[in-house]
Amino acid sequence: MNSKGFIFLLELLKLHQKTRKRIAFHTLSQGLDRGFKGQISAFSSVISTVNQKKEATENRSSPTHLVFPNIKNVRDLPPISLDVRQKQRISTDPLSSEIKAPVLPEPILPVQPKTMKDFLEDVEKAKSSGDWKTVYDFYLTTFDSFPELSAAFKKDASASFNTIEDSGINAKFVNAVYDALLNTPQDIQKTVLKGIINSLLQEWKGPRTKDDLRAYFILLQNPQFNNTSTYVIYAHLLRQTASLVEADHHFLAHWFKKLSQKRFKPLVERLLQFISLRLFPAKPEEFPPISKCSWWIPSASKVLALLNTANNLVHPPLIPYTDFYNSTLDHIDLMEEYHTWQSFGNSHRFSFCQYPFVISIAAKKIIIQRDSEQQMISIARQSLVDKVSRRQRPDMNMLFLNMKVRRTHLVSDSLDELTRKRADLKKKLKVTFVGEAGLDMGGLTKEWFLLLIRQIFHPDYGMFTYHKDSYCHWFSSFKCDNYSEFRLVGILMGLAVYNSITLDIRFPPCCYKKLLSPPIVPSDQNTPVGICSVTTDDLCQIMPELAHGLSELLSYEGNVEEDFYSTFQVFQEEFGIIKSYNLKPGGDKIPVTNQNRKEYVQLYIDFLLNKSIYKQFAAFYYGFHSVCASNALMLLRPEEVEILVCGSPELDMHALQRSTQYDGYAKTDLTIRYFWDVVLGFPLDLQKKLLHFTTGSDRVPVGGMADLNFKISKNETSTNWLPVAHTCFNQLCLPPYKSKKDLKQKLIIGISNSEGFGLE
């Protein structure tokens, strides 16, 4: 855009500020027709001036929170962007639908111009006749201002729709208008963008009306913002949305959760693409210099947090949490982001760690590993300094957590060693089996983990109960005098994360949620740990039959008290003795009725998953955090902790084939070709059995199949023999079978009948 055009726009802006009227639409239209791309660039400067004045005004007079006059029982709304150091969760409890929004002055709205049926008929007529004037006029009027935009799509133009659960927007009409927009002539598409510019240039003071929120809600769904040429406009829309007060964010989050997956997912993908292209632009000249638009990424991240909150409000979520990952961030300096967050928290210094939901599990693993390595180096260095200061000869063993254990006393020796060497837990782990020669190059460490886990989780050991219906272990509620072995299991899990070992442990997701409650060990030892809110969904992951029974109780239409004859008392068997526990004081005398059955179910679930195993889980919690005490842990979701400990259930056998190493075979040998033909043709359950047979776990490390270092070795034995696995080295020893049929038969027999971990 030339200098005259820019000066002309500035003059229009001054006129707008004096008269508080909208900028003349036809003038912007002429400017855009002369040079649309240049106009957007000029718009960036103009709207920045408006925003600076707006921010200065808001800092002087605008409230930071909306005031709810004459409304009772209105709770403080949680912020969208939280300091993850506190690891608070955004409240997923919607405000009561009866609670109205604050009574704000609503402008006189235009009359709704068309119905969806009228609009679609106009589009069809335009396609057949080539005359788009009617459609052009619709878009021109609709997108000319926030009030007109809201009025065009309201279900009822005369209704206020101030409740949190209903935006009042006709979603089908919005979808129809946007679907049609991309297939209209270019002048119509430019008209829409000019209308959005016109709307964003308006100066606002004080809190927004709900019609303004509806306008932001509608504009954020505009598919035109997929095009990088519209990013300047999109950035300012994101900035205005991000700067809304938290109460307005709360409304938007609940409105976004009502979108269908088909409409919601593109919003997330658009924002992720916007961030990626701002970080690594294909054509840097398309965007303003990063120094002049440093607010682009923070604004987009905050709006993305709004959508993440909306996604978490729905059960099941609209999209998987992994769809919020931005893989582009895997290629930036993650440790710099982490240290910035460590130093400045959620202050005005931006870091992606403030929004951990966009960081992939692979990137988080890198952060945790490097953070743990730095802690290992720091502790090892301090040990070395201490030795030198005492004029003692340094020993390389002081740099490691050296475990010396007897196979015949594996659990007790491991517990004693870890207790004595608790100050060394963050050093690199090395294991020695007493009476056995050999250096630990990783194989002995893995074998120690496998043998110890296998013994501790054996049903005869009594620490954990295996639930066949859910294929998972849960903590035994049996009371004992010493819970140190539960602490040992927690330490094992922490050491596995610290030393990048994948464990074959089957805990339900609820366990990892409890493990992050809270994510940082409280300084006050009296503060409860490992206590989290639990539901029937959590119970269903462990005891599905019991969860189903409780759900049936909640939906029972008869007389609960007379038909079930239950009280607020439950019974558990401990070492052959039936013991009773009251769910609340005097529970044995309180009958369960239709009125209090919800309370009964909630107290029962809380008893099973929290109170009855509190001491066991607290010991487990402290054990884990004695190794993994790091702020990096606060970046993780419970599901991500599970993946770090146990690996991912997603198998990619083609990736395994590409990364496999061979000893005695070449990848072109006939036996190897037979092997991969057979394995790639296996159903998923057999592929998992193969992985479990050769590695000790049917899951994949966070880094993918390549991190397994899988090896196939030639076993110079009779082809009548079955394959053999060395799980400590992820190695499969394969005889040179002469036919594919013979190989398949022997392989299936081997992987289907191996016992336990298949250890040699």
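The rules behind each value
- Residues numbered from 1 in each chain as written.
- Predicted model: local features only at pLDDT ≥ 70, side-chain atom pairs only at ≥ 80, totals over all residues.
- Heavy atoms only, no water.
- Helix = DSSP H or I, 4+ residues; strand = E, 2+ residues; numbered from the N terminus.
- Buried < 20%, exposed > 50% of the residue type's maximum accessible area, 1.4 Å probe, protein only.
- Lys, Arg positive; Asp, Glu negative; His and termini not counted.
- Salt bridge = Lys/Arg side-chain N within 4 Å of Asp/Glu carboxyl O.
- Polar contact = N/O pair within 3.5 Å; in protein donor to acceptor, adjacent residues only side chain to side chain.
- Contact = heavy atoms within 4.5 Å.
- Phe/Tyr/Trp six-rings, centres within 6.5 Å; stacked < 30°, edge-to-face > 60°.
- Core = buried A, V, L, I, M, F, W, Y, C linked by side-chain atoms within 4.5 Å.
- Axes fitted to C-alpha atoms, helices over the stretch in contact; angles between N-to-C directions.
- Parallel < 35°, antiparallel > 145°, perpendicular 65-115°, else oblique.
- Left-handed = near helix turned anticlockwise from the far one by under 90°.
- Expected span 1.5 Å × (residues − 1).
- Pairing = 2+ DSSP bridges.
- pLDDT = per-residue confidence, 0-100.
- Nonpolar A, V, L, I, M, F, W, Y, C, P; charged D, E, K, R; others polar.

Caption draft 1: Highlighting the side chain of Glu337. With respect to the element layout, Glu337 can be found in helix α14 (residues 334-344). The side chain of Glu337 is buried and forms no salt bridge, while Arg349, the nearest opposite charge, is found at 8.5 Å. A polar contact is formed between the side chain of Glu337 and the backbone nitrogen of Phe352, at a distance of 2.8 Å. When near neighbours in sequence (up to four residues on either side) are disregarded, Glu337 contacts Ile332, Ser351, Phe352 and Cys353.

Caption draft 2: Quick peek at the packing of aromatic side chains. This model, assessed by the stated rule, comprises 46 aromatic pairs. Each ring, one from Phe225 and one from Tyr234, has its centre 4.8 Å from the other, and the planes form 15°; the classification is stacked. A relative accessible area of 0% places Phe225 in the buried class. For Tyr234, a relative accessible area of 2% gives the class buried. Here the aromatic rings of Phe675 and Trp676 are separated by 4.9 Å at their centres, their planes lie at 80°, and the arrangement is edge-to-face.

Caption draft 3: Representation of the nonpolar core within the structure. Tyr139, Phe256 and Trp448 are the most contacted members of the largest nonpolar core, which totals 179 residues. The greatest single-element share of this core, amounting to 10 residues, is contributed by helix α18 (residues 484-498).

Caption draft 4: The packing of helix α12 (residues 261-279) against helix α13 (residues 296-312), seen in detail. At a closest axis distance of 10 Å, the pairing of α12 and α13 adopts a crossing angle of 155°. The pairing of α12 with α13 is recorded here as roughly antiparallel in orientation. The crossing of α12 and α13 is left-handed. Taken together, the residues of α13 that come into contact with α12 (itself represented by Phe264, Leu267, Val268, Leu271, Leu272, Phe274, Ile275, Arg278 and Leu279) are Trp296, Ile297, Ala300, Ser301, Val303, Leu304, Leu307, Ala310 and Asn311.

Caption draft 5: Just the environment of Asp212, in detail. Within the secondary structure, Asp212 sits in helix α9 (residues 210-219). In sequence terms Asp212 and Ser145 are 67 residues apart; their C-alpha atoms lie 9.6 Å from each other.

Caption draft 6: Quick peek at α13. In this model α13 runs 24 Å from its N-terminal to its C-terminal C-alpha over 17 residues, within 8% of the 24 Å that 1.5 Å per residue would give. With 14 of 17 residues buried, α13 lies mostly within the body of the structure.

Caption draft 7: A look at the pairing of strand β5 (residues 569-574). Sheet topology note: the β5/strand β6 (residues 577-582) ladder contains six bridges and is antiparallel. Its bridge partner lying in β6, Gln572 is registered against Lys579. Linking β5 to β6, which pair antiparallel, is a turn of two residues; within it Phe575 sits at a positive phi near 55°.

Caption draft 8: The arrangement of the pairing of strand β4 (residues 472-475) in detail. Both faces of β4 are covered, namely the face carrying Cys472 and Trp474 and the face carrying His473 and Phe475. Strand direction decides the pairing type here: strand β3 (residues 464-467) and β4, joined by four bridges, are antiparallel. Across the sheet, the residue bridging to Tyr466 is His473, located in β4. Counting the residues in the hairpin turn of β3 and β4 gives four residues, including Tyr471, whose phi is positive at 55°.

Caption draft 9: Quick look at the pattern of salt bridges. All told, the structure shown has 29 salt bridges when counted by the stated rule. One salt bridge connects Asp504 with Arg506, and the closest N-O pair in it is separated by 3.4 Å. What makes Asp504 buried here is its relative accessible area of 18%. Here Asp698 ties to Arg506 by a salt bridge, and the two come within 2.4 Å at their closest N and O atoms. Of this pair, Asp698 sits in the loop between α28 (684-695) and β8 (711-714) while Arg506 is found in the loop between α18 and α19 (509-515), placing the two residues 192 residues apart along the sequence. Overall, Asp698 belongs to the buried group, its relative accessible area being 18%.

Caption draft 10: View of the confidence of the model for the chain. Taken over all residues, the pLDDT of the chain has a mean of 82, while the share at 70 or more is 82%. Scored below 50 in pLDDT, residues 85-107 shows 60 contacts in the model against residues more than four places distant or in partner chains. Scored below 50 in pLDDT, residues 756-760 makes 19 contacts in the model with residues more than four places away or belonging to other chains.

Caption draft 11: Local environment of the sheet that holds β8. Reading across the sheet, the four strands line up as β7-β8-β10-β9 and stay open at both edges, with mixed pairing between neighbours. Both edges of this open sheet fall to β7 (661-663) and β9 (724-726), since each of them pairs with a single strand only. Each adjacent strand pair in this sheet contributes to an overall mean axis angle of 25°, direction not counted. Bridge count for β9 against strand β10 (residues 731-734) is three bridges, and the pairing is antiparallel. Looking across to β10, one finds that His726 is bridged to Gln731.

Caption draft 12: The arrangement of the packing of helix α16 (residues 410-420) against α18 in detail. Close contact between α16 and α18 brings their axes to 10 Å; oriented N to C, the two are set at 75°. Taken together, the axes of α16 and α18 lie roughly perpendicular to each other. Packed against α16, whose contacting residues are Val411, Leu415 and Leu418, the element α18 presents Ser484, Glu485, Leu488, Ile491 and Leu495 at the interface. The residue inventory of the contact of α16 with α18, partitioned by class, reads six nonpolar, one polar and one charged.

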